[in-house]
Amino acid sequence: MNGPALPRALVTGGSEGIGRAFARRLAAAGYTVTVVARNEVRLNALLDELGPGHHALTADLAAEAGLRRVVHELAVNRFDLLVNNAGTAAPGPFADVPLEAATSVMRLNCDALTTLTHAFLSGARAGDSLVNVSSTLAFAPMPNLSVYSATKAFVTSLSESLWFEQKKRGVYVMGLCPGMTATRSQPHTGEGAPAGLVQTPEQVVTVALAALRRRRRPTVICGKKNALFTAATRALPRRTLLALLGGGRTSSPQACVPNGEPT
Ligand SMILES: NC(=O)c1ccc[n+]([C@@H]2O[C@H](COP(=O)([O-])OP(=O)(O)OC[C@H]3O[C@@H](n4cnc5c(N)ncnc54)[C@H](OP(=O)(O)O)[C@@H]3O)[C@@H](O)[C@H]2O)c1
């Protein structure tokens, strides 16, 4: 006799960092996991680690064909949970960053996330969940990461509206806001990243999974220090906030943190 079907989760950007931690923890919790990323070698290494029964989908979500492949996957297979985690940044003064790099950040962080959110929610049932990985920078316009912080403001705002819309259907939508998290692309080992403020991907996912069990908050901020940071961003006058984030020199757009997320 067959037992009840295992819950299924799809995690974008599941081969590295926060997405990889999601994939491992969800598999350990009994989910059948589908991970999406571009690098097939890293995806297969993860599948080896997760053991049998899990799946990988090689797709570039910033490209139309790759995005279409994942939309199709969401249409033909039922998923109980979607984690929209894949995200990227193009650091540097906005006018110096090639336009294609900036618009590619928007395609992945906003267009792909919105498209997959729509594909998932149109077939979602009561009890299903959607996690959109945003950032504490959703609350802080960040010089030298201007497009990135703007995309994260979009992700948090979208997720909060959808949290309200979907509540009556019993579908839970969460905007997850990690602060500095040590991953391969953003190790946060430089001077601008005091060790006490940098979380591990596992810590971020622990917070997310606890919130997924409670199914209450539209926006989940990872840890007390990050919550303090976001409270400060709301309390401070905008000019003061920008001066602090920009390195205290409002006149120089060069003044900023290196390639990473401040708190
Ligand atoms: N690390 C931080 O400090 C931090 C803080 C706040 C929020 N976040 C957010 O958390 C999320 C994960 O960040 P992370 O630091 O864990 O990232 P990461 O270590 O750089 O991993 C990114 C993942 O996304 C995949 N990916 C990148 N571009 C993709 C594309 N075009 N199509 C499909 N997959 C793609 C990567 O695999 P491939 O390269 O093989 O495609 C990888 O699996 C992002 O949304 C980020 O903005 C991170």
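We now turn to the structure provided with this report. (Residues numbered from 1 in each chain as written. Predicted model: local features only at pLDDT ≥ 70, side-chain atom pairs only at ≥ 80, totals over all residues. Heavy atoms only, no water.)

Taken together, 32 residues lie around the ligand, and Ser 15, Arg 38, Asn 85, Tyr 148 and Ser 185 are the ones closest in. Note that an oxygen atom of the ligand is positioned 2.8 Å from one of the backbone N or O atoms of Ile 18. Taking Tyr 148, its side chain carries an N or O atom lying 2.6 Å from an oxygen atom of the ligand. With the chains in place, 94% of the 890 Å² that the ligand exposes on its own is no longer accessible. Looking at the shell around the ligand, its residues break down into 11 nonpolar, 15 polar and six charged. (Near = heavy atom within 4 Å. Polar contact = N/O pair within 3.5 Å; in protein donor to acceptor, adjacent residues only side chain to side chain. Areas by Shrake-Rupley, 256 points an atom, 1.4 Å probe, with all protein chains shown as cover. Nonpolar A, V, L, I, M, F, W, Y, C, P; charged D, E, K, R; others polar.)

Moving on, we get to the packing of helix H1 (residues 17-28) against helix H6 (residues 201-214). Contact geometry for H1 and H6: axes closest at 9 Å, N-to-C directions at 55 degrees. By the angle between their directions, the pair H1 and H6 is classed as oblique. The chirality of how H1 crosses H6 is right-handed. For the pair formed by H1 and H6, the contact residues are Gly 17, Ile 18, Ala 21, Phe 22, Arg 25 and Leu 26 on the first element and Pro 201, Glu 202, Val 204, Val 205, Thr 206, Ala 208 and Leu 209 on the second. (Axes fitted to C-alpha atoms, helices over the stretch in contact; angles between N-to-C directions. Helix = DSSP H or I, 4+ residues; strand = E, 2+ residues; numbered from the N terminus. Parallel < 35°, antiparallel > 145°, perpendicular 65-115°, else oblique. Left-handed = near helix turned anticlockwise from the far one by under 90°. Contact = heavy atoms within 4.5 Å.)

In a beta sheet, neighbouring strands are held together by backbone hydrogen bonds and run either parallel or antiparallel to one another. Overall, parallel pairing links the seven strands, which are arranged E3-E2-E1-E4-E5-E6-E7 in an open sheet. Strands with a single pairing partner mark the edges of an open sheet, and in this sheet they are strand E3 (55-58) and strand E7 (219-221). Along the sheet, successive strands turn relative to each other by an average axial angle of 15 degrees, direction set aside. With three bridges joining them, strand E6 (residues 172-177) and E7 adopt parallel strand pairing. Counted as the bridge partner of Leu 176 is Val 220 from E7. (Pairing = 2+ DSSP bridges.)

Let us now look at the pairing of strand E1 (residues 8-12). Most of E1 is tucked away, with four of its five residues classed as buried. Pairing of E1 with strand E2 (residues 32-37), which is carried by five bridges, proceeds in the parallel orientation. Of the residues in E2, the one forming a bridge with Arg 8 is Thr 32. Traced from E1 through H1 to E2, the parallel crossover comes out right-handed. Of the pairings in the sheet, the one linking E1 to strand E4 (residues 81-84) comprises three bridges and is parallel in character. Bridge pairing links Leu 10 to Leu 82 in E4. (Buried < 20%, exposed > 50% of the residue type's maximum accessible area, 1.4 Å probe, protein only. Right-handed = clockwise from strand over helix to strand, strands pointing away.)

Here Ala 119 lies in helix H4 (residues 99-122). Placed 86 residues apart in sequence, Ala 119 and Val 205 show a C-alpha to C-alpha distance of 24 Å. Sequence-distant contacts of Ala 119, that is, excluding residues within four places in its chain, are made with Val 71 and Leu 74.

Another point: the side chain of Gln 166. With respect to the secondary-structure elements, Gln 166 resides in helix H5 (residues 146-167). Taking relative accessible area as the criterion, Gln 166 reaches 8% and is therefore assigned buried. Setting aside residues up to four positions removed in sequence, Gln 166 forms contacts with Leu 121, Val 171 and Val 173.

Below, the discussion takes up the pattern of salt bridges. One side chain can pair with another of opposite charge once the charged atoms of both are near each other. Applying the stated criterion across every chain, the model contains eight salt bridges. Among the ionic pairs, Glu 49 bridges to Arg 20, the shortest N-O distance being 2.7 Å. On the criterion of sequence distance, the pair formed by Glu 49 in helix H2 (residues 40-50) and Arg 20 in helix H1 is long-range, its members being 29 residues apart. Residue Glu 49 is classed as partly exposed on the basis of its relative accessible area of 40%. (Salt bridge = Lys/Arg side-chain N within 4 Å of Asp/Glu carboxyl O.)

A separate point is the layout of surface pockets. Space inside the largest pocket adds up to approximately 960 Å³. What lines the largest pocket is a set of 37 residues, and nearest its centre among them are Asn 85, Ala 86, Gly 87, Thr 88 and Ser 185. Of all the secondary-structure elements, those providing two or more residues to the lining of the largest pocket are H1, E2, H4 and H5. Considering every element that reaches the lining of the largest pocket, the biggest residue donor is H1, with three residues. Classifying every residue of the lining of the largest pocket gives 12 nonpolar, 18 polar and seven charged. (1 Å grid on protein atoms, 1.4 Å probe; cavity = no way out; pocket = protein on both sides within 12 Å on 5 of 7 lines; lining within 4 Å. Points joined across faces, edges and corners; volume = space filled by probe spheres on them.)

Right, let's get into the environment of Ala 21. When you line up the elements, Ala 21 lands in helix H1. Residue Ala 21 is classed as buried on the basis of its relative accessible area, which comes to 4%. Leaving out residues up to four positions away in the same chain, Ala 21 has contacts with Pro 201, Glu 202 and Val 205.

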